Amino acid sequence: MIDDAYQASCERMILVSGDSDLVPTVRLVKQRFPEIKVTVYVPARDRVRGAARELRGAADKHLTLPLNLLAKAQFPLKIRINGNYTQKPLSW
C-alpha cells in the first residue's frame, strides 16, 4: 500500500482484512496521502470477530464482507498455469 501510494499508482485502495497489524500502514497512507481513499472490507462471521474497530477507524470507509462471498472469489480447485495443473489444498 505504501509503495503504491508513493508511486501515485492509485486514487483508491481497497483492503480486505481485519488484521490490526495493518492499522499503522493505513494511517501512514492517510497521513501522507490524504487524497487517496482507503476502504476496508472486514471478512467476518460474527460481530465480535468482525469488529476490527481500530482498522475500520483508520480507513475512509469500512464494510463487513460476508464470508460466503469469499468462496465466490476463489480460483477453482484445480487450475492450469503455464501448461501445468496445480490444485488448491483441501484445507482451504
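Above: the structure in question.
In this report, we go over the structure that sits alongside the text.

About the thresholds
Residues numbered from 1 in each chain as written. Predicted model: local features only at pLDDT ≥ 70, side-chain atom pairs only at ≥ 80, totals over all residues. Heavy atoms only, no water. Helix = DSSP H or I, 4+ residues; strand = E, 2+ residues; numbered from the N terminus. Rg over C-alpha atoms; globule rule 2.2 N^0.38 Å. Buried < 20%, exposed > 50% of the residue type's maximum accessible area, 1.4 Å probe, protein only. Contact = heavy atoms within 4.5 Å. Areas by Shrake-Rupley, 256 points an atom, 1.4 Å probe, with all protein chains shown as cover. Lys, Arg positive; Asp, Glu negative; His and termini not counted. Salt bridge = Lys/Arg side-chain N within 4 Å of Asp/Glu carboxyl O. Polar contact = N/O pair within 3.5 Å; in protein donor to acceptor, adjacent residues only side chain to side chain. Pairing = 2+ DSSP bridges. Axes fitted to C-alpha atoms, helices over the stretch in contact; angles between N-to-C directions. Patch = residues over 30% accessible without salt bridge, like charges linked within 9 Å, V, L, I, M, F, W, Y side chains within 5 Å.

### Observations concerning the overall build of the protein
Turning to step 1, where the next piece is worked out: Of the regular secondary structure elements, the protein holds four helices and five strands.
Turning to step 2, where the next piece is worked out: Moving toward the C terminus, one meets the helices and strands of the protein in the order α-β-α-β-α-β-α-β-β.
Turning to step 3, where the next piece is worked out: In terms of C-alpha radius of gyration, the protein reaches 16 Å, well past the compact-globule figure of 12 Å for 92 residues.
Turning to step 4, where the next piece is worked out: Counting only C-alpha atoms and orienting by the principal axes, one finds that the protein spans roughly 45 × 35 × 20 Å.
Turning to step 5, where the next piece is worked out: By the burial criterion, 26% of the 92 residues in the protein qualify as buried.
Turning to step 6, where the next piece is worked out: A separation threshold of at least 6 residues defines the contact pool for the protein, and within that pool the share at least 24 residues apart is 50%.
Turning to step 7, where the next piece is worked out: Total accessible area on the protein is roughly 7,100 Å²; 51% of this is exposed by carbon and sulfur atoms.

### Quick look at the side chain of K88
Turning to step 1, where the next piece is worked out: Tracing the chain through its elements places K88 in the segment after β5 (84-87).
Turning to step 2, where the next piece is worked out: No salt bridge is formed by the buried K88, whose closest oppositely charged neighbour, D19, lies at an N-O distance of 21 Å.
Turning to step 3, where the next piece is worked out: Among the polar contacts listed, one links the side chain of K88 to the side chain of Q74, at a separation of 2.7 Å.
Turning to step 4, where the next piece is worked out: Apart from residues lying up to four places away in sequence, K88 is in contact with Q74, F75 and L77.

### As for the sheet that holds strand β2 (residues 37-44)
Turning to step 1, where the next piece is worked out: One open sheet holds the three strands; their spatial order is β1-β2-β3, and the pairing between them is parallel. Of all the strands in the sheet, the pair left with one neighbour each is β1 (12-16) and β3 (61-66). Between one strand and the next, the sheet's axes are offset by a mean angle of 20°, whatever the strand orientation.
Turning to step 2, where the next piece is worked out: Against the sheet, helix α2 (residues 23-32) contacts β1 and β2, and its axis sits at roughly 160° relative to β2.

### Observations concerning a nonpolar patch on the surface
Turning to step 1, where the next piece is worked out: Among the surface-exposed residues, I14, V16 and L70 lie close enough to one another that they form a single nonpolar patch of about 250 Å² accessible area.
Turning to step 2, where the next piece is worked out: Here V16 is to be found in strand β1.
Turning to step 3, where the next piece is worked out: Using a relative accessible area of 46% as the deciding quantity, one classes V16 as partly exposed.

Bear in mind that shape data such as this cannot, by itself, settle questions of function.
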